[in-house]
Amino acid sequence: MSRPPILASCVCSILLAASAQAERVIIDYWEKWTGFERESMEAIVSKFNASQDRIEVRYSSISQIDLKLMLAIAGRKPPDVAGIWSYNIPVYVENNALHPLDALCREYNIKAEDYLPSVWRLCTYHDRIWALPTTPAAVALYWNKKLFREAGLDPEKPPTSIEELEQFNEKITARSSDGRYRVFGHLPEEPGWFRSSWGYWFGGHLWDGHGHITATDPGNRRALEWVESYPRRFGVREVSSFLESSSNVTSSSANPFISGRVAMVLQGPWEWKFLQRFGSGDLEIGVAPFPSLAGSKEPPVTLVESDILVVPAGSPHIKEAFEFIAFVNRQENIEQFCSAQCNFSPLVKVSDTFWKNHPHPYIRVFYDLARSPGAVSPPQIPDWNLYRAQLDQNIKEVWNLRLTPSAALEDVQHRVQQDLDRKVQRWEAIKDTLRQEWNKEDVVP
Amino acid sequence: MKDRNTLRALCFILPWLIGFGVTLLYPLISAFYYSFCDYSVLTPPVYVGTRNYTDLFTDHLFWLALRNSIFFVIVYLPLSIFVSLLLAMLLNLRVPGKGLLRTIFFLPTVVPMVCLAVVWQWMLKGDGGLVNMLLTPVFHLVNDLLGTQLTGPNWLLEPNTARVSLVFASLWTTGNTVLIYLAALQNVPTQLYECAELEGASSFQKYRHIALPAISPVIFYTVAGGLIGCLQTFAIPYVLAGGTQGPKDSLLFLSSYIFQNAFQYWNMGYACTLSLVLFVLILGCTMLLVKFSSKVVYKAAD
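This write-up is about the structure you can find in this document. (Residues numbered from 1 in each chain as written. Chains lettered and ligands numbered in written order. Predicted model: local features only at pLDDT ≥ 70, side-chain atom pairs only at ≥ 80, totals over all residues. Heavy atoms only, no water.)

1. Regarding the overall build of chain B
Put simply, the test is: Only DSSP runs of H or I reaching four residues or more are called helices, and only runs of E reaching two or more are called strands; each is numbered from the N terminus. Residue burial is assigned from relative accessible area. The probe radius is 1.4 Å, only protein chains are included, and a residue is buried under 20% of its type maximum, exposed over 50%, and partly exposed in between. Here, two residues are considered to be in contact whenever any of their heavy atoms come within 4.5 Å of each other. Residue burial considers only the protein chains on display, and all accessible areas are found by Shrake-Rupley using a 1.4 Å probe.
When helices and strands are counted, chain B shows 13 helices and 2 strands. Counting over 302 residues, chain B shows a buried share of 42%. For chain B, the proportion of contacts with a sequence separation of at least 24, taken over those separated by at least 6, is 68%. As displayed, chain B has an accessible area near 17000 Å², and 72% of this comes from carbon and sulfur atoms.

What follows is the structure, given as C-alpha cells:
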C-alpha cells in the first residue's frame, strides 16, 4: 500500500477519535488521594469511562483539598465532583457550597436503607442528602501478639477494659540496658490521630446534639486524666523522645507499632496495608474493639468517619457528575474500591466474595463496630475544624504536663462555644433563604 | 506642554498604578470593609459592626501571636543584622578562596523555606537530632566539671527552646543580606580608609567611623525590610510546628493565625480584622523607624 493512503487513513482515525472525544462531557474530579489509594480510585474511573461514551471523568490529586475546593467554589470554577471528608459537610452546607442530592438519589433509587446507618447519617445534614460515601472507616485495637507472649500474656486475649489495658501496659513496658524505654504496651499519642475523640471511650460526648459544646463533660475529663497519667508515670521527656525517635510517621518501618516498639494502638483498617508494606513480615497481629472504661458492660465504642463524594455548588455538569458518583456506589464497584483501599463497604448488602477476597483478615471487626450502637462520629457542627484543632493543641499541652485536664477542656469549651453561637446565629438568619434555594436546585437536571 | 508632560508621565506609570490598585488598594479596602462583617467567603457578608474588633481584644490567642511576633522582631532582627554584617566584613577581606566562601554562605538562601524548615525539624529532634548530637560532648564536659546533669533539650517540644530554634533556623536565610552588605562595603571609597590609616586608625576604628556610616543607608534599608519580614513571618514557624501552634502556642504568629481563621475556620471577617491590625502595626513600626533613621543614617551630602 502506498504512503498517502496510509497517512490519510491515520489522519481520518485521529479526527474521528477527536470528534468522538469532543462529544463526551468532561467531568473534573478532584480527590485527595495519592499512592495506592489513588490507583484504586483511578481503576474505578477507568471502568466508568469504558462503560459508556457520553462522559469522561478526569481524576486530579489535590493536596489540601478542603481549602482549595472552598477557593474554587468562591471563584466560581469548582470541579464537577470532589472527594472530601464527612466532617466537612456542615461547614460547606451552611456556606451554600454543595449541591443537594435528594432528587438525584431518588432518580437512581439510592436510599438510606442501602447503607450502614452510622455512615449514611454522615452524608446528611439539615434533613438533606449532600454526599455519598466512598470509603468509610472505623477504628479498633491492633495488638502485637508476639509482644504479648514475651510479656507472659495470652496472645489471643486482648484487653476488654481500660483497666485491663493498663495492666497489660505495665507488663509489656520495658527498658533497655541504657535505661531508655525499649517497648511500651500502649501510648495514647501513638499515632495521635484520634486524641480529640478519646472521651468517647470514657463515656464522654463532645456536644449535646443541639448547639451546645460539651467539652467539659466528665467523660472527656476522665479521658484526659488517663492521657496525663502516661507522662506522669513514665516521664514527659522519656515518652516524647520515644515518639520523636520514630519521626512521628505512621506509614514507615520506623513507626513504633510497625517496628514492634508499641504493642497496642488505636487504628483503622488501612493500618493492615502499612503493616504488609513496611512490617518485618513476621508480625503476628490481632484486631478487636478498643476497650472502653465501661468494659464489656456497654456496646463496643468506635469512631466512624467516611471519605465522601460531593457535587460542589456551581458545578456545570451536575447530572453527569452524579452519574459517576452513583456508579462508584454500585455494590460491585464500591466493593472493588473498598477492598483495594483495605476498608469495609458502606453498604448493608455485602457479597460473600468481598469478605472472602478482602486483604484484611479482620475487616469484619471494623464492619461490626460500624454497626454497633456504640458507633459515634465527630459532632456535625460547622466549626468542627476549630473544635478539633483546639482540642488537639490543649491535649498536647496536657501530655506535656503544662495544662491540667480541667483547664484544657474549659479553655476549649469557652472558645468553641462562642464560635458555634456565632455560626448558629448566622444560620438562623439565612436558613430560610438557603432552604428555598435548595428546593429550587434539588431537581433532576 | 506641561499638561502633555503630565499626561505622558501618567501613561508611563499607568501599568504600575493598575497593578497597585488591583493587588494592593482594592484588597486593602475590601479587608477594611469585611473586618466589620461576619464573612466566610462563600456567602454574602453580614454587617456586624465592631464585633470582630471587640472579639480581638478579648482573644488571648491574638495577644499571644502578637507577643510571639514582637519577640521574634526584638531577638531575631538585631541578631540577623549583626551576623550578616559580620559575615560581610569577613567576606570582604582578602582571603584565599573567598569566592567559594561567599557561595557557601549564600547557598542556604536558595533552598526553599519549607525545605529549610523540614531539615531543621530533623536537626532539632531531642534524641538523634544533629544539634543535640553535636552538643552532647559539650554537655558531658560541663557535667564532669561542674557536677551538673545537663542534657540536650527537646528543642521543638518546649516553648522557650522552640522560640530559640525558630531564631536559629531563620538565621540561615541571611545570605541575601550578607550579599547586600558586601556590595555596599565594596563601594566605600578606599581613599577614606587610606586617610584613616595615615591618621593611625586601627581596623576597628576604620569600620566604626568609616565603613558603618558609609553603608548606614543600606543598613537602614535591610532593617526596614527585615522588620516587615519578621512581622509577616509564616513558612518557617508553620512548618517547624507541623501546622499546629507549637508547644504552648509559642510558634503561633500573626500571619499563621490569620491563615487559620481565613482558610481553616472559615472566619474571613475576623481574619480581615487581624490583617488590618497587622498592617497598622507594620506601618506604625516602619514610620517610627523612618523618623529615627534621620539621627543614625549618614547621608553623603551631610
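2. Description of empty space enclosed by the protein
All names here are of chain A. Note the following rule: In this analysis, the protein atoms alone were mapped onto a 1 Å grid. Cavities are point sets where a 1.4 Å probe fits without being able to get out; pockets are open sets with protein on both sides within 12 Å along at least five of seven lines; lining residues have an atom within 4 Å of a point. Grid points are joined across faces, edges and corners, and a volume is the space filled by probe spheres set on the points. All amino acids are sorted into three groups, where Ala, Val, Leu, Ile, Met, Phe, Trp, Tyr, Cys and Pro are nonpolar, Asp, Glu, Lys and Arg are charged, and the leftover types, Gly among them, are polar.
The full count for this structure, using the stated rule, is 6 cavities of 30 Å³ or more. In this structure, the largest cavity occupies an estimated 70 Å³ of space. Considering the residues around the largest cavity, the lining is formed by 14 residues, among which Ser-196, Gly-199, Leu-206, Asn-220 and Leu-224 are closest to the centre. Elements with a minimum of two residues in the lining of the largest cavity: helix H9 (218–234) and helix H16 (384–399). Among the elements that make up the lining of the largest cavity, the one with the highest residue count is H9 (3 residues). Residue classes in the lining of the largest cavity are distributed as 9 nonpolar, 4 polar and 1 charged.

3. Considerations on the pattern of salt bridges
This is how the line gets drawn: Here, a salt bridge means any side-chain nitrogen of Lys or Arg that lies within 4 Å of a carboxyl oxygen of Asp or Glu.
Tallied over the full model, the rule gives 25 salt bridges over all chains. Between Lys-431 of chain A and Glu-428 of chain A there is a salt bridge, with its nearest N and O atoms 2.8 Å apart. Within this pair, Lys-431 of chain A and its partner Glu-428 of chain A are both found in helix H17 (residues 405–441), separated by 3 residues, close to a single helical turn. Notably, a salt bridge pairs Lys-206 of chain B with Glu-197 of chain B, separated by 3.0 Å at the nearest N-O pair. We classify Lys-206 of chain B as buried; its relative accessible area is 15%. Among the charged side chains, a network of salt bridges with common partners joins Glu-31, Lys-32 and Asp-307 of chain A.

4. Details of the nonpolar core
Note the threshold: Working definition of a nonpolar core: buried Ala, Val, Leu, Ile, Met, Phe, Trp, Tyr and Cys residues. They are joined through side-chain atoms within 4.5 Å.
Tyr-29, Met-41, Trp-201, Phe-324 and Tyr-387 of chain A are the most contacted members of the largest nonpolar core, which has 117 residues in total. Take this core: its biggest share by element is 8 residues, from helix H12 (residues 318–328) of chain A. Aside from chain neighbours lying at most four places away, what touches Trp-201 of chain A is Val-139, Leu-266, Phe-290, Pro-291, Ser-292, Leu-293, Val-301, Thr-302 and Leu-303 of chain A. Residues Leu-64, Trp-155, Leu-251 and Leu-278 of chain B belong to the second largest nonpolar core, which totals 69 residues.

5. Structural notes on a nonpolar patch on the surface
Residues and elements named next belong to chain B. Selection criterion: What makes a patch is a set of residues exposed beyond 30% relative accessible area and free of salt bridges, joined within 9 Å when like-charged and within 5 Å when nonpolar (Val, Leu, Ile, Met, Phe, Trp, Tyr).
Judged by side-chain polarity, Phe-82, Leu-86, Leu-90, Leu-93, Val-95, Leu-100, Leu-101, Ile-104 and Phe-105 come together as a nonpolar surface patch covering roughly 810 Å² of accessible area. Among the elements of the structure, helix H3 (60–91) and helix H4 (98–110) are those that each provide at least two residues to the nonpolar patch. In terms of residue count, H4 provides more of the nonpolar patch than any other element does, 4 residues in total. Secondary-structure assignment places Ile-104 in helix H4. For Ile-104, a relative accessible area of 46% translates into the label partly exposed.

6. Comments concerning the interface of chain A and chain B
Put simply, the test is: Put simply, buried area is the surface a 1.4 Å probe can reach on two separate parts but cannot reach once they are joined, added for both.
Tallying the contact residues gives 35 residues for chain A and 37 residues for chain B. Each partner contributes to the roughly 3000 Å² buried at the junction of chain A and chain B, and carbon and sulfur atoms together form 47% of this total. Of all residues in chain A, Met-70, Glu-244 and Arg-426 of chain A give up the largest surface area on contact with chain B, accounting jointly for 21% of the area buried on that side. Connecting chain A to chain B are 4 salt bridges. For Asp-38 of chain B, the salt bridge goes to Arg-426 of chain A, with nearest N and O atoms at 3.8 Å. Residue assignment for the side of chain A that touches chain B shows that the elements contributing at least two residues are helix H3 (65–74), helix H4 (89–94), helix H10 (236–244), H16 and H17 of chain A. Per-element tally for the side of chain A that touches chain B: the top contributor is H17 of chain A, with 8 residues.

7. As for the packing of helix H9 (residues 190–198) of chain B against helix H10 (residues 203–231) of chain B
All names here are of chain B. As a reminder of what qualifies: In this analysis, axes come from line fits to C-alpha atoms, helices being fitted only over the stretch in contact, and the angle between any two N-to-C directions falls in the range 0 to 180 degrees. Handedness of each helix crossing follows the sense of rotation of the near helix against the far helix: counterclockwise by less than a right angle gives left-handed, clockwise gives right-handed.
Running from N to C, H9 and H10 cross one another at 145°; their axes reach a closest spacing of 10 Å. As H9 packs across H10, the resulting crossing turns out to be right-handed. Mapping the contact onto sequence places Leu-192, Tyr-193, Ala-196 and Glu-197 in H9 and Lys-206, Ile-210 and Ala-211 in H10. Across the contact of H9 with H10, the residue classes tally to 5 nonpolar, no polar and 2 charged.

8. A short note on helix H12 (residues 254–264) of chain B
For an α-helix, the turn length of 3.6 residues means that residues three or four places apart are oriented alike. Among the 11 residues of H12 of chain B, 9 are classified as buried, and the element is accordingly described as predominantly covered. Restricting attention to buried positions, one finds in H12 of chain B the residues Leu-254, Ser-255, Ser-256, Tyr-257, Ile-258, Phe-259, Gln-260, Asn-261 and Ala-262 of chain B. In this fold, the buried residues of H12 of chain B make contact with H3 and H17 of chain A together with H3, helix H11 (235–240) and helix H13 (268–296) of chain B. Phi for Trp-266 of chain B, located one or two positions after H12 of chain B, is positive at around 60°.

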